[in-house]
Amino acid sequence: AAQYGRRAAALGASLSATLEAFVRFRGAFTAELAAIARRRRLDTREATALLVEGEGAVDRLLVALTSGYTAERS
């Protein structure tokens, strides 16, 4: 994610456009986690844990993306 942020900045993409692309990724990722929970017939507790873990991972990716972007711009 940091490398993606650096690359986007180096190519002249705005931070807004870079974050917009990330949000599309996040939506697809979350939808896939929900599909996995349904396919595996996870109970509510398990499905919630899966989504919470996934959200945490995506949050860490977002921080890395913005750090990479701003480091490239400095």
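Look up: the structure comes first, before these words.
Note that the coordinates shown come from a computational prediction; the quantities given were computed from them, not determined experimentally. (Residues numbered from 1 in each chain as written. Predicted model: local features only at pLDDT ≥ 70, side-chain atom pairs only at ≥ 80, totals over all residues. Heavy atoms only, no water.)

> Kindly report on the packing of aromatic side chains, identifying the contributing residues and their values.
The tally for this structure, following the rule as stated, stands at two aromatic pairs. Residues Phe 22 and Phe 25 carry aromatic rings whose centres are separated by 5.6 Å and whose planes lie at 55° to one another, so their mutual orientation is tilted. Linking Phe 22 with Phe 25, this pair stays in helix 2 (residues 15–39), spanning three residues, or about one helical turn. Look at Phe 22 and you get buried, because its relative accessible area is 7%. (Phe/Tyr/Trp six-rings, centres within 6.5 Å; stacked < 30°, edge-to-face > 60°. Helix = DSSP H or I, 4+ residues; strand = E, 2+ residues; numbered from the N terminus. Buried < 20%, exposed > 50% of the residue type's maximum accessible area, 1.4 Å probe, protein only.)

> Outline the pattern of salt bridges, listing residues and values.
Summed over the entire model, instances satisfying the criterion amount to two salt bridges. In this structure, Glu 20 and Arg 24 form a salt bridge, with 3.5 Å as the shortest nitrogen-oxygen distance. Of this pair, Glu 20 and Arg 24 both sit in helix 2, four residues apart, which is roughly one turn of that helix. Owing to a relative accessible area of 48%, Glu 20 belongs among the partly exposed residues under this scheme. Of the charged contacts, one joins Arg 39 and Glu 32 as a salt bridge, the two residues approaching to 3.2 Å between their closest N and O atoms. The exposure class assigned to Arg 39 is exposed, which follows from its relative accessible area of 57%. (Salt bridge = Lys/Arg side-chain N within 4 Å of Asp/Glu carboxyl O.)

> Break down unusual backbone geometry for me, citing the residues and quoting the values.
Its identity is not glycine, yet Arg 41 carries a phi of approximately 55°, on the positive side. Along the chain, Arg 41 falls in the loop between helix 2 and helix 3 (44–73).

> Describe helix 1 (residues 2–10), naming the residues involved and giving the relevant values.
Among all positions in helix 1, only Gly 5, Ala 8 and Ala 9 are buried. The buried residues of helix 1 occupy one face: seen down the axis, they fall within an arc of 95°. Projecting away from the buried face of helix 1 at angles above 90 degrees are the exposed residues Gln 3, Arg 7 and Ala 10. For helix 1, the secondary structure elements touched by its buried residues are helix 2 and helix 3. Remark: Gly 12 follows helix 1 within two positions and exhibits a positive phi of approximately 90°. (Arc of directions from axis to C-beta. Contact = heavy atoms within 4.5 Å.)

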